[in-house]
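Structural features, examined
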Amino acid sequence: MPAGSPSSAQTFDVARIRRDFPILQRRVHGRPLVYLDNAATTQKPAAVVDRLARYYREENANIHRGVHALSVEATDAYDAARETVRRFLNAGDAREIVFVRGTTEAINLVAATWGRTHLGAGDEVVVTEMEHHSNIVPWQLACQAAGARLRVAPITDAGELRLDAFEQLLCPRTRVVAVNHVSNALGTVNPVKEIARRAHAHGAVVLVDGAQAVAHLPVDVRAIGCDFYAFSGHKVFGPTGVGALWGRAELLDAMPPYQGGGDMIRSVTFERTLYNELPYKFEAGTPNIAGAVGLASALDYVAAIGLDRIAAHEHELTSYGTDALSCIGGLRLTGTAPGKAGILAFVIDDIHPHDIGTILDRAGVAIRAGHHCCQPLMGRLGVPATARASLALYNTREDVDALAAALRDAKAVFA
Ligand code: 7TS
């Protein structure tokens, strides 16, 4: 087993895993850091930090350009990273993996290029009430350009997609269904396989926003049966500024380029430019080489632990946290879908979520407060904002206990 890789013990050794993340040793305001803002971004294991440093110390060069040794090494590392992403998503072909800045850019890429060529006046794009702004606004832009219409599938009070109502929105005009795999504000795990099946029956393509899924449950794009899958590296223990779009080769092939520039061309004249083959057609300019290499080491890290085991650990912790928070008077959880992922979002009577967040911070407990880039969802829930603790593989019952204790203190302050 390579240095820095996680324990291979069958039991989920969270103490061992915590030692892989140097930042978890930090103190904040004199208190041990309790990091519960993983939906915003995850912390990085030493293996990823070291991989980034090694890339810059030993391998840095531009790719696909040089004949020299460093450029060949950097190109090999970048190509290997693409293969790692392919394996991680169980995609069929590394040509279907496009490196992007993150989920946001991946969705914008599809909305702009697939949208430009396939959406027309009167067509419809279906999203859900629980989407992040990055899976709403790009589709609004595409709809505005095409004269198409955005339709919104409703959710239940518990935060589950109403599949019956979703189905009723589908019709021959539906071109795209865009849905998150896991909701960042509710924790709901959407039945993406069933959603894809029903959308395909109506001839629509299906984009799944996997930003909140990849660090928390096994993802298999072929088993899901979707057409596009997007995720961000920084939410799966990798660097910021890098992510991936998976798309079916035949769809990507038929799409126009997103940006023009170096590397995305086969030949250029002032009269006519021929575009490169997949995936380079969508990777104009020098990519985030270090980011891709760091992302690959993050994916190797989680794969070595096993996403099934991570999911089991987080489910156990989520039910522990649900019980702990439910005991706090005046606290209401927002998002109670069965089988939900490790998002504990809530409101407390008479205390603004931002005040909760500030008081918790003084106790070393990092959570997020706000609309979580889901303003339409907040409207549906009838709240301006929520407080949100979001779990990851390194969180413990002690972290949840610290959260609950700090919330009791916050209530005392406002009593
Ligand atoms: N989709 C979902 C479901 C997300 O949770 C996020 C980020 C994005 C897309 C955008 O990802 P990005 O990496 O391109 O920014 N969500 C959050 C969050 O919940 N708190 O901060 C960012």
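Residues numbered from 1 in each chain as written. Predicted model: local features only at pLDDT ≥ 70, side-chain atom pairs only at ≥ 80, totals over all residues. Heavy atoms only, no water.

1. Quick word on the site of the ligand
Near the ligand there are 15 residues, and of these T104, D209, S232, R368 and R388 occur at the shortest range. Between the ligand and the protein, one listed contact pairs an oxygen atom with a side-chain N or O atom of N184 at 2.8 Å. Between the ligand and S232, the relevant distance is 2.7 Å, taken from an oxygen atom to a side-chain nitrogen or oxygen of the residue. Its free accessible area being 490 Å², the ligand has 86% of it covered by the protein chains. (Near = heavy atom within 4 Å. Polar contact = N/O pair within 3.5 Å; in protein donor to acceptor, adjacent residues only side chain to side chain. Areas by Shrake-Rupley, 256 points an atom, 1.4 Å probe, with all protein chains shown as cover.)

2. Some words on the sheet that holds strand β8 (residues 205-209)
On the basis of which strands lie adjacent, the open sheet formed by seven strands has the order β4-β10-β9-β8-β7-β5-β6 and mixed pairing. Since the sheet does not close on itself, it has two edges, and those belong to β4 (97-100) and β6 (149-153), each with one partner. Strand-to-strand twist across the sheet, computed as the mean angle between neighbouring axes with direction ignored, equals 20°. In this sheet, strand β10 (residues 243-247) lies alongside strand β9 (residues 228-232) in antiparallel orientation, the contact comprising five bridges. Note that in β10 the partner of F231 across the bridge is A244. Against the sheet, helix α3 (residues 69-89) contacts β4, β9 and β10, and its axis sits at roughly 115° relative to β4. (Pairing = 2+ DSSP bridges. Helix = DSSP H or I, 4+ residues; strand = E, 2+ residues; numbered from the N terminus. Axes fitted to C-alpha atoms, helices over the stretch in contact; angles between N-to-C directions. Contact = heavy atoms within 4.5 Å.)

3. Regarding the packing of helix α2 (residues 46-59) against helix α10 (residues 289-305)
Following both chains from N to C, one finds α2 and α10 inclined at 145°, their axes separated by 9 Å at the closest point. Judged by the sense of rotation from one axis to the other, the crossing of α2 with α10 is right-handed. Where α2 abuts α10, its residues A47, V48, R51, L52, Y55 and Y56 lie against I289, A290, G291, V293, G294, S297 and A298. A breakdown of the residues in the contact of α2 with α10 according to their chemical character gives nine nonpolar, three polar and one charged. (Left-handed = near helix turned anticlockwise from the far one by under 90°. Nonpolar A, V, L, I, M, F, W, Y, C, P; charged D, E, K, R; others polar.)

4. Comments concerning the packing of aromatic side chains
Evaluated as defined, the whole model comprises six aromatic pairs. With a centroid separation of 5.7 Å and 85° between ring planes, the pair formed by F21 and Y301 is classed as edge-to-face. Of this pair, F21 sits in the loop between α1 (14-19) and β1 (27-28) while Y301 sits in helix α10, and the two are 280 residues apart along the sequence. Pair check on accessibility: F21 and Y301 agree, each one buried. Between F237 and Y394 the ring centres are 5.9 Å apart and the planes differ by 70°, which places this aromatic pair in the edge-to-face class. One end of the pair, F237, is in the loop between β9 and β10; the other, Y394, is in the loop between β17 (386-390) and α14 (397-414), and 157 residues separate them in sequence. Overall, F237 belongs to the buried group, its relative accessible area being 0%. Residue classification places Y394 among the buried residues on the basis of a relative accessible area of 0%. (Phe/Tyr/Trp six-rings, centres within 6.5 Å; stacked < 30°, edge-to-face > 60°. Buried < 20%, exposed > 50% of the residue type's maximum accessible area, 1.4 Å probe, protein only.)

5. Details of the confidence of the model for the chain
On average, residues of the chain score 96 in pLDDT, and 98% of them reach the 70 mark or higher. For the stretch residues 1-9, pLDDT sits under 50, and the model shows 13 contacts to residues farther than four places along the chain or on other chains. (pLDDT = per-residue confidence, 0-100.)

6. Comments concerning the sheet that holds β17
Read from one edge of the open sheet, four strands run β13-β14-β17-β16, paired in antiparallel fashion. The open sheet is flanked by β13 (331-333) and β16 (368-370), the only strands paired with a single partner. Going across the sheet, the axis of each strand differs from the next one's by a mean of 30°, ignoring polarity. Judged from the three bridges that link them, β13 and strand β14 (residues 343-348) form a sheet pairing that is antiparallel. Bridging across to β14, L331 finds its partner in I348.

7. What to know about the pairing of β10
Of all five residues that make up β10, five are buried, and the element is covered over most of its length. Side chains G243, L245 and G247 of β10 all project onto a buried face; the interleaved residues A244 and W246 project onto the opposite face, where all are buried too. Sheet topology note: the β4/β10 ladder contains four bridges and is antiparallel. Looking at the pairing, I97 lines up with W246 of β10.

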